[in-house]
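The lines below spell out each chain.
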Amino acid sequence: MRKAVIAGNWKMHMTCAEARAYAGSFVPQMADLPDDRVVVLAPPFTAIAALSEALAGTDIKLSSQNVHWDNGGAYTGSISADMLKEHGVSYAIVGHSEPRKYHSESDEQINRRALSAQAADLIPIVCVGETDSQRSARETERVIRRQVEQSLEDLDPSRMVVAYEPIWAIGTGKTCDAAEANRICGLIRSWVGYQDVVIQYGGSVKADNIDQLMAQSDIDGVLVGGASLDPISFARIAQYRVPVTI
């Protein structure tokens, strides 16, 4: 059975002091977390050590927001997998739409980052998704299939997460219809070719839509941006409740 992965991506938010305060509020709310899910927090690099200390002794996992493909070298501003592991990081987000857009990251680079993460026993969260113009042009499936084939090449599907993040829904308040998100996640599963690969949805996930999203058959978790910055809001997301059908 696939275990849900509920991840909060803080992006460029939270100082070390703010991260500690967040943990002080968030950790008690995770006391009765069901064992069918994993909660992951992805702070900025500068707050990883502080948050790692604040989460010590809990089951909450840490993720980085990126990782380099080499263990070391002349890569100013980059972070290696070994540097992350020293602070208890176990996941690494790669291929998010923002580095793709602002840093011109290619599918090949994203693949190298993901391979480096797996080689170091980190679990890559590989993001894929289409723009508004690509969806309007009915190119969604072609674009995402290319990203899946190139970004996930040679990865072990049992040790990774794929995050479907329609770019037009990130930070816009627009959420992909749950049934449509589920359809795309199902296609991704078929393209990966491994039934148990964990597939998240990301894009304006909130406390008021999490239950509907997690009730879908092919959505195995969420990658949350803005709503993860509030420990109360993100705790409600982590404590999602799927309606019981009779």
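See above for the structure.
Here goes a summary of the coordinates provided. (Residues numbered from 1 in each chain as written. Predicted model: local features only at pLDDT ≥ 70, side-chain atom pairs only at ≥ 80, totals over all residues. Heavy atoms only, no water.)

## Quick notes on the side chain of asparagine 66
Point 1. Mapped onto the elements of the fold, asparagine 66 is located in the loop between β3 (61-64) and α3 (81-85).
Point 2. For asparagine 66, a relative accessible area of 12% translates into the label buried.
Point 3. A polar atom in the side chain of asparagine 66 sits 3.2 Å from the side chain of glutamate 105.
Point 4. Excluding its chain neighbours within four sequence positions, the residues that come into contact with asparagine 66 are Phe45, Leu84, Ile93, Val94, Pro99, Glu105 and Arg113. (Helix = DSSP H or I, 4+ residues; strand = E, 2+ residues; numbered from the N terminus. Buried < 20%, exposed > 50% of the residue type's maximum accessible area, 1.4 Å probe, protein only. Polar contact = N/O pair within 3.5 Å; in protein donor to acceptor, adjacent residues only side chain to side chain. Contact = heavy atoms within 4.5 Å.)

## Considering the pattern of salt bridges
Point 1. Counted according to the given criterion, the structure contains 16 salt bridges.
Point 2. Three or more residues are tied together by salt bridges with common partners; here these are Glu130, Arg135, Glu141, Glu180 and Arg183. (Salt bridge = Lys/Arg side-chain N within 4 Å of Asp/Glu carboxyl O.)

## Examining the nonpolar core
Point 1. Judged by nonpolar contacts, the single largest core of 61 residues is most densely connected at Phe26, Leu41, Ile188, Tyr201, Phe234 and Ile237.
Point 2. In terms of residue count, the dominant contributor to this core is helix α8 (residues 178-192) (5 residues).
Point 3. Among residues more than four places away in sequence, those in contact with leucine 41 are Gly8, Trp10, Tyr22, Phe26, Leu51, Leu55, Ile60, Lys61, Leu62, Ser63 and Phe234.
Point 4. Judged by nonpolar contacts, the second largest core, of 13 residues, contains Ala42, Ile93, Ile125 and Val198. (Core = buried A, V, L, I, M, F, W, Y, C linked by side-chain atoms within 4.5 Å.)

## Re unusual backbone geometry
Point 1. One non-glycine residue, methionine 14, adopts positive backbone phi at about 85°.
Point 2. With respect to the helices and strands, the residue methionine 14 is situated in the loop between β1 (4-9) and α1 (16-29).
Point 3. Assessed through its relative accessible area of 17%, methionine 14 is described here as buried.
Point 4. A positive phi angle is found at arginine 138, which is not glycine, with a value near 60°.
Point 5. Assignment of secondary structure puts arginine 138 in the loop between α6 (132-136) and α7 (140-151).

## Quick word on the packing of α1 against helix α10 (residues 231-238)
Packed helices, taken two at a time, are described by the angle their axes make and the gap between the axes.
Point 1. Two elements in contact, α1 and α10, have axes whose closest approach is 9 Å; the angle formed by their N-to-C orientations is 30°. By the criterion of interaxial angle, the relationship of α1 to α10 is roughly parallel. In this structure, α1 meets α10 at a crossing whose hand is right-handed. For the pair α1 and α10, the contacting residues are Tyr22, Ser25, Phe26 and Gln29 in the first and Pro231, Ile232, Phe234 and Ala235 in the second.
Point 2. Across the contact of α1 with α10, the residue classes tally to 6 nonpolar, 2 polar and no charged. (Axes fitted to C-alpha atoms, helices over the stretch in contact; angles between N-to-C directions. Parallel < 35°, antiparallel > 145°, perpendicular 65-115°, else oblique. Left-handed = near helix turned anticlockwise from the far one by under 90°. Nonpolar A, V, L, I, M, F, W, Y, C, P; charged D, E, K, R; others polar.)

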